[in-house]
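# Working through the structure, step by step
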Amino acid sequence: MRPIRVRIGVLGLALVAGLAAPTAATAAPEAGGGAPAPTVEERRLDGEVPREILRRSGFAAVAPTFARGLGRADSYREARAVVAREGAALWRRAVDRVQGRGPARGDLSRDDDRPLYWARLGMTRELRAWEPGFGLSERQRTALLTELERTSRGQTDLRLPRGGHGKGVKRVLLTGFDPFTLDRDIRISNPSGAVALALDGTVIDTPDGPARVETTVFPVRWADFAEGAVERALRPYLPRVDLFTTVSQGRVGRFDVERTNGAWRGGFPDNDNVSRTETVPVADPASQPQWTTTTLPYAAITAADTGRFPVYDNTSVTEIPAGGDEPVVRPDGPTPGSTAREGGGGNYLSNEIAYRATLLRDRLGLHGTLPGGHVHTPVLQFGAGNTDPAAGAVTDPEFVRNRLDIVAQTRAIVGVAVSAAGADRD
């Protein structure tokens, strides 16, 4: 994901997974107390496009069914069980639909990631508005919202194969992002989310042996990242995987393997229309570097024939040079002592998740042994005659073809990365 002012088209995907989850987005309480108001994201559910996507995918009943389950809960403990069960069921249903298991329950193409996003928001809005007879504290509601985020994003569904590094089935961790820039075009789909749904639990055959892929999807919200969602999710898994990658949508017509990630938030609004312009906030800022680097086998990835889109090794960054005060674009990477203003992947949340994931890798002492980094996919485009968000269709044949091709090529890129990383270890 890249700031619109700097890059064309932005959608996100990223790598990360774990038992811990992003903290749920907050909303101000209604005047006079009671349940909090819906968030900016949740209010978009009232539009015609989200309703059409939910109806045409068979997901329209998800939120009402969830609300009825909550209504039958007689205690906080029962409510938490409902939230955990229904959140996990939503993730599994979305994965199954994309991977062709069970009925499609609608005419929307099965590869579509948007039903998961809009159905989850329907559930969080119901949970935010719910006022049970037994009373619910603000802290309890926040805990339930966090549990719903965690389960409905696949973070309780990670199944890494057993074994040590280099033995048996390789373990790959990959995550995607929700759709975003929805006020620009509410029809938007995120190819990174589609990749995550398509690859979750699948096995890729590589010359270095089979690789099992486990995935999760992250929100496009600055606050979740500032509260440590990435680190909580990744920390239990990075020491156990053979490769990780963050993925998001980048430029038109190309993939990029991002060489360098920067410690700067550029301020582009998130899905709650919140802006943040600051150094990426992390634990122990005194030891925080301005830059982190990929350890993915970028030379092998860019040299391989993985699909119809070209794949580039992107070394460019934007920095404030040591002793300077103005940003400078550096095509060949940062110079010593410089301050980050954009990594190769920009200064939005895909750069940030790549920065956080690779910084955590380094802080865990895994820089020299764990391949990991960020991949940007091409922009997912609608067909040539379907470019007006106000009057256009929510899908078309070219839109579906583009998404399927991006998913297939990302899968091939992961396969090449696993194989090349295995060859490097040998």
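The structure displayed is predicted, hence computed values, not measured ones.

### Comments concerning the sheet that holds strand E12 (residues 328-330)
Across the sheet, which stays open at both edges, the three strands sit in the order E12-E11-E13 with antiparallel pairing between neighbours. Both outer strands of the open sheet, E12 and strand E13 (339-342), are each paired with one neighbouring strand and no more. Between one strand and the next, the sheet's axes are offset by a mean angle of 45 degrees, whatever the strand orientation. Alignment of strand E11 (residues 317-320) against E13, held across three bridges, turns out to be antiparallel. Paired with Thr318 across the bridge in E13 is Glu342.

### Some points on the packing of aromatic side chains
How two aromatic rings sit relative to each other is given by the distance of their centres and the angle of their planes. Inspection of every chain in the model, using the stated rule, returns nine aromatic pairs. A ring pair is formed by Trp130 and Phe134, whose centres lie 5.8 Å apart and whose planes are at 75 degrees; its orientation type is edge-to-face. Judged by relative accessible area, which is 11%, Trp130 ranks as buried. Seen from their ring centres, Phe382 and Phe399 are 4.1 Å apart, and the 5 degrees between their planes marks the pair as stacked. Of this pair, Phe382 sits in the loop between strand E14 (372-377) and helix H12 (397-425) while Phe399 sits in helix H12, placing them 17 residues apart in sequence. Of the two residues examined, Phe382 and Phe399, each falls in the buried class. These aromatic residues form a ring-pair network of at least three members: Phe180, Trp222, Phe268 and Tyr348. A cation sits over an aromatic face here: Arg93 above Phe59, 4.4 Å from the ring centre.

### Some remarks on the pairing of strand E2 (residues 203-206)
Going residue by residue along E2, you find Ile204 and Thr206 tucked away on one face and Val203 and Asp205 left uncovered on the opposite face. Relative to strand E3 (residues 209-218), E2 runs antiparallel, the two sharing four bridges. Residue pairing across strands places Asp205 opposite Pro210, the latter belonging to E3.

### Quick look at helix H6 (residues 138-152)
Between its first and last C-alpha, H6 extends 21 Å over 15 residues, near the 21 Å set by a 1.5 Å rise per residue. Residues Arg141, Leu144, Leu145, Glu147, Leu148, Glu149, Arg150, Thr151 and Ser152 constitute the buried set of H6. Considering only its buried residues, H6 is in contact with helix H3 (62-71), helix H4 (76-98) and helix H5 (114-129). A positive phi of about 85 degrees marks Gly154, the residue just after H6.

### Looking at the confidence of the model for the protein chain
Across the protein chain, pLDDT averages 91, with 90% of residues at or above 70. Throughout residues 4-26 the model reports pLDDT below 50, and contacts reaching past four residues in sequence, or to other chains, amount to 137 contacts. A low-confidence stretch, residues 28-32 (pLDDT under 50), is modelled with nine contacts involving residues beyond four sequence positions or located in other chains.

### Notes on the nonpolar core
Counting residues in hydrophobic clusters, the biggest one holds 64 residues, and the most contacted among them are Phe66, Trp118, Leu127, Trp130 and Leu174. Residues in contact with Trp118, not counting those within four places in the same chain, are Glu41, Arg44, Leu45, Pro50, Ile53, Leu54, Leu182 and Ile186.

### Concerning the sheet that holds E2
Spatially, seven strands are ordered E2-E3-E1-E4-E14-E5-E10 in an open sheet, and the strand pairing comes out mixed. Of all strands in the sheet, those with a lone pairing partner are E2 and strand E10 (311-314), marking the two edges. Within the sheet, the average angular offset between the axes of one strand and its neighbour, ignoring direction, is 25 degrees. The strands that helix H7 (residues 191-199) touches are strand E1 (170-177), E3, strand E4 (243-249) and E14; relative to E1, the one it contacts most, it runs at about 145 degrees. With respect to the sheet, helix H11 (residues 349-363) is in contact with E1, E3, E4 and E14, its orientation differing from that of E4 by roughly 170 degrees.

### What to know about the packing of H3 against H5
A packed helix pair is summarised by two numbers, namely the angle formed by the two axes and the spacing between the axes. Contact geometry for H3 and H5: axes closest at 8 Å, N-to-C directions at 30 degrees. The orientation of H3 relative to H5 falls into the category roughly parallel. As for the relative orientation of H3 and H5, their crossing is right-handed in sense. Contact residues: Val62, Ala63, Phe66, Ala67 and Leu70 in H3; Ala119, Gly122, Met123, Glu126 and Leu127 in H5.

What counts as what
- Along every chain, residues carry numbers that run from 1 in the direction the sequence is written.
- Totals for whole chains, interfaces and linings use all residues, but because this is a predicted model, local features are given only for residues with pLDDT of at least 70 and pairs of side-chain atoms are given and counted only at 80 or more.
- The basis for every side-chain value is the complete set of non-hydrogen atoms in the structure, without hydrogens or water.
- A pair of strands is labelled paired if DSSP reports no fewer than 2 bridges between them.
- Counting from the N terminus, the helices are the DSSP runs of H or I reaching at least four residues and the strands are the DSSP runs of E reaching at least two.
- Comment: axis = line fitted to C-alpha atoms, over the contacting stretch for helices; angle = value between 0 and 180 degrees taken between N-to-C directions.
- Planes of paired rings set the category: under 30 degrees apart is stacked, over 60 is edge-to-face and the rest tilted, where pairs are Phe, Tyr or Trp rings (Trp by its six-membered ring) whose centres lie within 6.5 Å.
- Per-residue accessibility, obtained with a 1.4 Å probe over protein chains only, is compared with the maximum for each type, and a residue is labelled buried under 20%, exposed over 50%, and partly exposed between these values.
- By the criterion adopted, a ring carries a charge over it if an Arg CZ or a Lys NZ lies within 6 Å of its centre and within 35 degrees of its normal.
- A helix's residues, less one, multiplied by 1.5 Å, set its expected span.
- Here, residues are in contact when the closest pair of their heavy atoms is within 4.5 Å.
- Confidence scores labelled pLDDT are given residue by residue by the predictor and lie between 0 and 100.
- Joining through side-chain atoms within 4.5 Å is the link that ties buried Ala, Val, Leu, Ile, Met, Phe, Trp, Tyr and Cys residues into a set, and such a set is a nonpolar core.
- Our angle categories are set so that under 35 degrees counts as roughly parallel, over 145 as roughly antiparallel, 65 to 115 as roughly perpendicular, and the remainder as oblique.
- The crossing is said to be left-handed when, going from far helix to near helix, the turn is anticlockwise and less than a right angle, and right-handed when the turn is clockwise.

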